[in-house]
Amino acid sequence: MRQARADEYAEFAVARAGHLYRSACLLTAGDTYLAEDLVQETFGRLYLRWGRVSRVGNPAGYAQTVLTRAFLAHQRRRSSRERATDVFPDLPGSGDGDASLRLTLLDALARLPAKDRAVVVLRYWEDRSVEETADVMNVSSAAVRTRCSRALGRLRELLGEDLAEYARP
């Protein structure tokens, strides 16, 4: 029985690792090292609770919730000695995207407060509803709508009103 659960967990982890990593990269605004740490922390927490999590109707959603909450907790406890930088590490590219576009968008995301960034990632990258986002972030639906509006307004300021130049042809 124990081996079956371990195999089930390993299969789940392999299947979700890429998606969780991409979400973590967006949450961290391109900090791939922190993204890896957050995904690792997420999988560690899931492993400890896999017996209960595997019986949940949506373990992938549970994993995303754990990832988002781990990110927000990390932002709260960040040391005052750490400083954000505008220098991005080399990002692994698939060759099918525009590197300058990615860097521009990651830079704009990095300029958002952590909770606003989390709302944008959950609502527009994860394609979650307002209610689902509120549940993940443990806030009200009104707070999600307010943060979303504020974050999108800030992104428009940073990227310019005409976002068509950033869209793929």
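Before reading on, note that the structure itself is shown above.
What comes next is a walk through the structure.

Procedures and definitions
- Residues numbered from 1 in each chain as written.
- Predicted model: local features only at pLDDT ≥ 70, side-chain atom pairs only at ≥ 80, totals over all residues.
- Heavy atoms only, no water.
- Salt bridge = Lys/Arg side-chain N within 4 Å of Asp/Glu carboxyl O.
- Helix = DSSP H or I, 4+ residues; strand = E, 2+ residues; numbered from the N terminus.
- Buried < 20%, exposed > 50% of the residue type's maximum accessible area, 1.4 Å probe, protein only.
- Core = buried A, V, L, I, M, F, W, Y, C linked by side-chain atoms within 4.5 Å.
- Contact = heavy atoms within 4.5 Å.

### Structural notes on the pattern of salt bridges
So, point 1. The full count for this structure, using the stated rule, is five salt bridges.
So, point 2. Of the charged contacts, one joins aspartate 116 and arginine 150 as a salt bridge, the two residues approaching to 3.8 Å between their closest N and O atoms. With aspartate 116 in helix H6 (residues 114-125) and arginine 150 in helix H8 (residues 141-159), the pair connects residues that are 34 residues apart, well separated along the chain.
So, point 3. According to the relative accessible area criterion, aspartate 116 is buried, its value standing at 2%.
So, point 4. For arginine 150, a relative accessible area of 45% translates into the label partly exposed.
So, point 5. A network of salt bridges, in which partner residues are shared, links Asp116, Arg147 and Arg150.

### Considerations on the nonpolar core
So, point 1. Counting 42 residues, the largest nonpolar core has Phe43, Leu46, Leu67 and Phe71 as the members making the most contacts within it.
So, point 2. Looking at this core, the elements with two or more residues in it are helix H1 (2-27), helix H2 (32-48), helix H3 (50-53), helix H4 (59-77), helix H5 (99-110), H6, helix H7 (130-137) and H8.
So, point 3. When residues in this core are grouped by element, the largest group, eight residues, is from H1.
So, point 4. Excluding its chain neighbours within four sequence positions, the residues that come into contact with leucine 67 are Leu20, Ser23, Ala24, Leu27, Leu38, Val39 and Thr42.

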